[in-house]
Amino acid sequence: MEVGFLGLGIMGKAMAMNLLRHGFKVTVWNRTLSKCEELVQFGASVGETPAAVVKKCKYTIAMLSDPSAALAVVFNKDGVLEQISEGKGYIDMSTVDADTSIKINEAIVQKGGVFLEAPVSGSKKPAEDGQLVILAAGDKTLYEEAIPAFDVMGKKSFFLGQVGNGAKMKLVVNMIMGSMMNAFSEGLVLADRSGLSQQILLDVLDLGAIANPMFKMKGPAMIQSNYSPAFPLKHQQKDMRLALALGDENAVSMPVAAAANEAFKTARSLDLGDLDFSAVLEAVKVSKNKA
Ligand SMILES: NC(=O)C1=CN([C@@H]2O[C@H](COP(=O)(O)OP(=O)(O)OC[C@H]3O[C@@H](n4cnc5c(N)ncnc54)[C@H](OP(=O)(O)O)[C@@H]3O)[C@@H](O)[C@H]2O)C=CC1
Ligand SMILES: O=CCCC(=O)O
């Protein structure tokens, strides 16, 4: 199966690499083209533009930072729209809002192509290990055709119906995750400031009802102030912002998520946006200094 892959950031690189490893023929493109070189060493071809990739491939996958990147790659000059046509499928796995997905879907369908949104749960390591959870919505036939690729990139795929539902599900999940990360950070600071061992707190949490892979995986690095990026904080803040907008649309009050978003914004203002989202701990530390 020949697929195009647009966007070789932390996630895209790992996902494209998995496809290559499992025998897919992959043509890659990245805005910063030099990032394609590593994939070429593993057998990928390079397309000079998104349009060139779509021209060559029946299916093209995208994994881009945010709504403006997702829209730019489709609508700008040399973008996806210039070459999408009947018989071609476009699968956007980026985390965006439903409106962005719907806009992309309408434009692709108007050109005769088919579209699937397929954001993912799971971070750098699950992407490397092919253990993502795929939240797809849109064209059901394209979903079925994409299953061999999804099976390589993920451990489970859901088909959620009409375009927008994948984006919404992803935002709900990440809203919960961002709120949890803030509560966890406050707990680490509270333990430390009250003279308790943060390591023992981690051990206690891991044995009880709120044990979870995120605390277990991120906690030890956080207490060492190590925030090597798996999920960049700027993307988590984008997801909180988009989830809060979804709450606005549906008149759902989310004071906990709103407070978490403020902490992520503070972290960005402290220049922590490119670090892992667990670096929100540093913003929580600063706020507890002020109090
Ligand atoms: N990291 C994670 O744990 C997870 C991330 N996600 C989501 O996946 C998506 C990608 O995340 P991740 O790989 O971590 O992000 P990165 O920041 O590592 O990569 C972002 C990618 O988007 C490209 N890009 C940014 N702006 C533009 C633009 N205007 N035009 C074209 N390309 C652009 C970048 O290109 P360039 O190299 O040139 O900058 C890069 O390829 C995001 O939507 C994120 O929310 C979902 C699940 C987990
Ligand atoms: O969008 C990022 C999700 C990160 C994760 O699920 O661990």
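Residues numbered from 1 in each chain as written. Chains lettered and ligands numbered in written order. Predicted model: local features only at pLDDT ≥ 70, side-chain atom pairs only at ≥ 80, totals over all residues. Heavy atoms only, no water.

Peer 1: Tell me about the pattern of salt bridges, and name the residues and values.
Peer 2: In a structure, side chains of opposite charge can pair up when their charged atoms sit close to one another. This model, assessed by the stated rule, comprises 11 salt bridges. Note that Lys216 and Asp206 form a salt bridge whose closest N and O atoms lie 3.0 Å from each other. Taken together, the positions of Lys216 in helix H10 (residues 213-223) and Asp206 in helix H9 (residues 198-207) put the pair 10 residues apart, joining distant regions of the chain. (Salt bridge = Lys/Arg side-chain N within 4 Å of Asp/Glu carboxyl O. Helix = DSSP H or I, 4+ residues; strand = E, 2+ residues; numbered from the N terminus.)

Peer 1: Run through the site of ligand 2, naming residues and quoting values.
Peer 2: Ser121, Gly122, Ser123, Lys170, Asn174, Met177 and Phe231 make up every residue found near ligand 2. Lys170 is positioned such that a nitrogen or oxygen atom in its side chain is 2.7 Å from an oxygen atom of ligand 2. Here an oxygen atom of ligand 2 sits 2.8 Å away from a polar atom, N or O, in the side chain of Asn174. Ranked by residues supplied to the shell around ligand 2, first place goes to helix H8 (residues 165-193) with three residues. The residue inventory of the shell around ligand 2, partitioned by class, reads two nonpolar, four polar and one charged. (Near = heavy atom within 4 Å. Polar contact = N/O pair within 3.5 Å; in protein donor to acceptor, adjacent residues only side chain to side chain. Nonpolar A, V, L, I, M, F, W, Y, C, P; charged D, E, K, R; others polar.)

Peer 1: Tell me about the UniProt feature "domain: 6-phosphogluconate dehydrogenase NADP-binding" (unreviewed entry) in the protein, and name the residues and values.
Peer 2: As recorded in UniProt, the sites labelled "domain: 6-phosphogluconate dehydrogenase NADP-binding" (unreviewed entry) are residues 2-161. In residues 2-161, helix accounts for 41% and strand for 24%; the two terminal C-alpha atoms are 26 Å from one another. (UniProt positions renumbered as here; feature names shortened; annotations may be inferred.)

Peer 1: Any chance you could break down the site of ligand 1 for me, citing the residues and the numbers?
Peer 2: As a structural note, the neighbourhood of ligand 1 is formed by 27 residues, with Asn30, Thr32, Lys35, Ser123 and Lys238 the closest of them. Within the backbone of Met11, an N or O atom sits 2.9 Å from an oxygen atom of ligand 1. The separation between an oxygen atom of ligand 1 and a polar side-chain atom of Lys238 is 2.7 Å. If ligand 1 stood free it would expose 900 Å²; the protein chains cover 88% of that surface. Elements supplying a minimum of two residues to the shell around ligand 1: helix H1 (10-21), helix H4 (67-75) and helix H11 (233-249). Classifying every residue of the shell around ligand 1 by side-chain character gives 12 nonpolar, 10 polar and five charged. (Areas by Shrake-Rupley, 256 points an atom, 1.4 Å probe, with all protein chains shown as cover.)

Peer 1: Explain the packing of aromatic side chains to me, using residue names and the numbers behind them.
Peer 2: Counting across every chain of the model gives five aromatic pairs. Ring geometry for Tyr143 and Phe150: centres 6.1 Å apart, planes at 45°, overall tilted. Classification of Phe150 as buried rests on a relative accessible area of 1%. Between the aromatic rings of Phe184 and Phe215, the centroid separation amounts to 4.1 Å while the plane-to-plane angle is 10°, which identifies the pairing as stacked. Residue Phe184 is located in helix H8, and its partner Phe215 is located in helix H10; the two are separated by 31 residues in the primary sequence. (Phe/Tyr/Trp six-rings, centres within 6.5 Å; stacked < 30°, edge-to-face > 60°. Buried < 20%, exposed > 50% of the residue type's maximum accessible area, 1.4 Å probe, protein only.)

Peer 1: Just give me the short version of unusual backbone geometry, but keep the residues and values in it.
Peer 2: With a phi close to 55°, Ser225 is a non-glycine residue in the positive phi region. Here Ser225 lies in the loop between H10 and H11. Classification of Ser225 as partly exposed rests on a relative accessible area of 39%. In this structure, Ala251 takes a positive phi of about 55° despite not being glycine. For Ala251, the position within the fold is in the loop between H11 and helix H12 (255-269). For Ala251, a relative accessible area of 71% gives the class exposed.

Peer 1: Give me the lowdown on H9, citing residues and values where you can.
Peer 2: Helical geometry: 3.6 residues make up each α-helical turn, so side chains three or four residues apart lie on a common side. All of the buried residues in H9 are Gln198, Leu202 and Leu205. One side of H9 holds all its buried residues, which, seen down the axis, span an arc of 65°. Across from the buried face of H9, at angles greater than 90 degrees, the exposed residues are Ile200, Val204 and Leu207. Each element contacted by the buried residues of H9 is listed here: H8 and H10. You can read the cap of H9 off the contacts: a side-chain oxygen lies 3.2 Å from the backbone nitrogen of Gln199, and it is on Ser197. (Arc of directions from axis to C-beta. Contact = heavy atoms within 4.5 Å.)

Peer 1: Break down the side chain of Glu117 for me, citing the residues and quoting the values.
Peer 2: Considering the arrangement of structural elements, one finds Glu117 in strand E6 (residues 114-117). For the buried Glu117, which has no salt bridge, the nearest side chain bearing the opposite charge is Lys168, at an N-O separation of 8.2 Å. At a separation of 2.5 Å, a polar atom in the side chain of Glu117 contacts the main-chain amide nitrogen of Gly164. Setting aside chain neighbours within four positions, we find Glu117 in contact with Asp92, Ser101, Leu135, Ala136, Ala137, Gln162, Val163, Gly164, Asn165, Gly166 and Ala167. (Lys, Arg positive; Asp, Glu negative; His and termini not counted.)

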